[in-house]
Amino acid sequence: MKLFQNITKRSFGFNILVILGAVVLVFIIFFSSLGFLTRHGEEVTVPDVRGKTIKEATTALEKLGFEVEVRDSIYIDTMPALLVYEQTPERGDVVKVNRTIYLTVNKVVPPMVPMPDLEGLTYRSAEMTLRARRLNIGDTIYKPDFATNTVLEQLLNGKPIKPGKEIPEGSNITLVLSSGTGSMENPVPDLIGATYFEAREILAASNLNVGTVLIDGGVTDTLGAFIFKQTPARRNELGELNLIRAGESVDLWLTATKPVKDSTAVLPPAAPNVQPAPAE
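Quick caveat, the model's predicted, so the values are computed rather than measured. (Residues numbered from 1 in each chain as written. Predicted model: local features only at pLDDT ≥ 70, side-chain atom pairs only at ≥ 80, totals over all residues. Heavy atoms only, no water.)

> Explain the overall build of the protein chain here, please?
A count of helices and strands for the protein chain gives five helices and 16 strands. Looking at the protein chain residue by residue over its 280 residues, the buried ones come to 28%. The contacts in the protein chain between residues at least 6 apart in sequence include a share of 75% that link residues at least 24 apart. Summed over its atoms, the accessible surface of the protein chain is roughly 18700 Å², and 57% of this surface lies on carbon and sulfur atoms. (Helix = DSSP H or I, 4+ residues; strand = E, 2+ residues; numbered from the N terminus. Buried < 20%, exposed > 50% of the residue type's maximum accessible area, 1.4 Å probe, protein only. Contact = heavy atoms within 4.5 Å. Areas by Shrake-Rupley, 256 points an atom, 1.4 Å probe, with all protein chains shown as cover.)

If you want it as C-alpha cells, here you go:
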C-alpha cells in the first residue's frame, strides 16, 4: 500500500519516466544476453560423419551445437545400409553454430530400375549406359562373331535379361561380347534335313551364328521345322567343301516336311584309274 501511495503521490510525468526507464533497462539486458544465449558469432569446424550410423552422426553433430536433418537417401551396393553417405556442409567447413547439417544416407532396399537394351552397343557404350542406371558390369564372355567387341547378349544371374525388365539397382550384368571372326577356316556343316533346333545346336558347337531365317508358309512349329536349304551350302558346284570362319553366319530356309537328300548331288571327282604300265 505504501508503494502504491508513493507512486500516486508523485507526478504523472515522473511515473511515465520510471516506466520508460524500466522498459529500456529490460531491453538492454535482453539484447546483451542474446549473444550468449544464441552463441552468436561463434564458429565451429564441421566434423566428418560419413560412414557413421545416423545415430552416431546425430550425436556427434548435436554436441557441437548443430541441428541435424536427413535430407536424402541413395543406394550404394558396396556400402552397409543406413550409414551416412554424404553431408552438407562438407567436412572441414567452418560455419556458425546452430547451423543445420543435412545428411544423405544409404537405403536399406535398392530401388528398381529398367534394364537397358545393350545388344549391338560397343563395350564402352554399354558400360556408360549401365553406370547411368546405377548398374554394374559383371563378367565378360567372348564369343566369335563378325562385329568385334560389340554386345551380343546381356545376362543377369546367368540368364538372358530383356530390356525394360525391372531389376534392383546395383545388379551385376554379364556381357557376351564379340571377339571377331576366327582366322582358321573349317568346312561348312551340313544342316539339310536337320530341325531348326538341331541346326542351332550344330552351329553353336562350331562357333557359327544363325543368319537370316526364311520360313515356309506351312510351318507352325519353328523349332521342329526342317532345313531344306542353307547358305553357304556344304559343297560348291564342283563338289568341293565350302569353308567358313568361326563367328560367321549361315542363312537357313525352313519347311514343315523333312526333305529327302539328293543322292545324285555332285561329289568330288574320283581319281583316274591308272593301270600300271606292262613290264618290258
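> Looking at this model, I keep getting lost on helix α5 (residues 196-205). Mind explaining?
In an α-helix there are 3.6 residues to a turn, and that puts residues three or four apart on one side. Every buried residue of α5 is accounted for by Tyr196, Ala199 and Leu203. Along the axis of α5, the buried positions cluster into a sector of 55°, meaning they face one direction only. Summarising the contacts, the buried residues of α5 are in contact with β13 (209-215), β14 (226-231) and β16 (249-255). Just past α5, the residue Asn207 takes up positive phi, approximately 60°. (Arc of directions from axis to C-beta.)

> I'm lost on the sheet that holds strand β9 (residues 159-160) in this one. Help?
Two pairing modes exist for strands in a sheet, parallel and antiparallel, and in both the strands are linked by backbone hydrogen bonds. With respect to topology, four strands assemble into an open sheet ordered β7-β11-β8-β9, the strand pairing being mixed. Each edge of the open sheet is held by one strand with a lone partner, namely β7 (136-143) and β9. Relative to β9, strand β8 (residues 151-156) is paired through two bridges, and the arrangement is antiparallel. Paired with Leu156 across the two strands is Lys159, which belongs to β9. Each of β7, β8 and β11 (172-178) touches helix α4 (residues 123-132); the most contacted strand, β7, lies at about 155° to it. (Pairing = 2+ DSSP bridges. Axes fitted to C-alpha atoms, helices over the stretch in contact; angles between N-to-C directions.)

> Explain the pattern of salt bridges here, please?
Charged atoms that come close allow side chains of opposite charge to pair. Across all of its chains, the model carries six salt bridges by this definition. When the shortest N-O distance is used, the salt bridge between Asp48 and Arg91 registers 3.6 Å. With a gap of 43 residues between them, Asp48 in the loop between β1 (43-45) and α3 (54-63) and Arg91 in the loop between β3 (84-88) and β4 (94-96) connect regions that are remote in the sequence. The class for Asp48 is partly exposed, based on a relative accessible area of 32%. One salt bridge connects Arg245 with Glu185, and the closest N-O pair in it is separated by 3.8 Å. Residue Arg245 is located in strand β15 (residues 243-245), and its partner Glu185 is located in strand β12 (residues 185-187); the two are separated by 60 residues in the primary sequence. (Salt bridge = Lys/Arg side-chain N within 4 Å of Asp/Glu carboxyl O.)

> Is there a simple way to think about the sheet that holds β14 in this case?
With mixed pairing, three strands are arranged side by side in an open sheet as β13-β16-β14. Edge positions in the open sheet fall to β13 and β14, since each of these has one partner strand only. Between one strand axis and the next, the sheet turns through 30° on average, direction left out of account.

> Help me out: how do you make sense of the confidence of the model for the protein chain in this one?
Detailed reading of the predicted model is not advised wherever pLDDT is low. In the predicted model, the protein chain carries a mean pLDDT of 83, and the fraction of residues at 70 or more is 80%. Per-residue pLDDT, averaged within each element of the protein chain, yields its smallest value for helix α1 (residues 2-9) (50) and its largest for β14 (96). The low-confidence segment residues 264-280, where pLDDT is below 50, has nine contacts with residues more than four positions distant or belonging to other chains. (pLDDT = per-residue confidence, 0-100.)

> Got a minute to help me understand the layout of surface pockets in this structure?
To find leftover empty space, one rolls a probe the size of a water molecule over the atoms. Space inside the second largest pocket adds up to approximately 200 Å³. Of all the secondary-structure elements, those providing two or more residues to the lining of the second largest pocket are α5 and β13. The leading source of residues in the lining of the second largest pocket is α5, at four residues. A class-by-class count of the residues in the lining of the second largest pocket yields four nonpolar, one polar and three charged. (1 Å grid on protein atoms, 1.4 Å probe; cavity = no way out; pocket = protein on both sides within 12 Å on 5 of 7 lines; lining within 4 Å. Points joined across faces, edges and corners; volume = space filled by probe spheres on them. Nonpolar A, V, L, I, M, F, W, Y, C, P; charged D, E, K, R; others polar.)

> Got a minute to help me understand the side chain of Asn242 in this structure?
Along the chain, Asn242 turns up in the loop between β14 and β15. At 2.9 Å, the side chain of Asn242 forms a polar contact with the backbone oxygen of Ala233. Excluding anything up to four places from it in sequence, Asn242 contacts Asn186, Pro187, Val188, Ala233, Arg234, Arg235 and Asn236. (Polar contact = N/O pair within 3.5 Å; in protein donor to acceptor, adjacent residues only side chain to side chain.)

> Sorry, what's going on with the packing of aromatic side chains here?
Any aromatic ring pair is given by two values, namely how distant the centres are and how the planes are angled relative to each other. Under the criterion given, the structure shown has zero aromatic pairs. Here the guanidinium or amino end of Lys229 rests over the ring plane of Trp253, the centre of that ring lying 4.6 Å away. (Phe/Tyr/Trp six-rings, centres within 6.5 Å; stacked < 30°, edge-to-face > 60°. Lys NZ or Arg CZ within 6 Å of the ring centre and 35° of its normal.)

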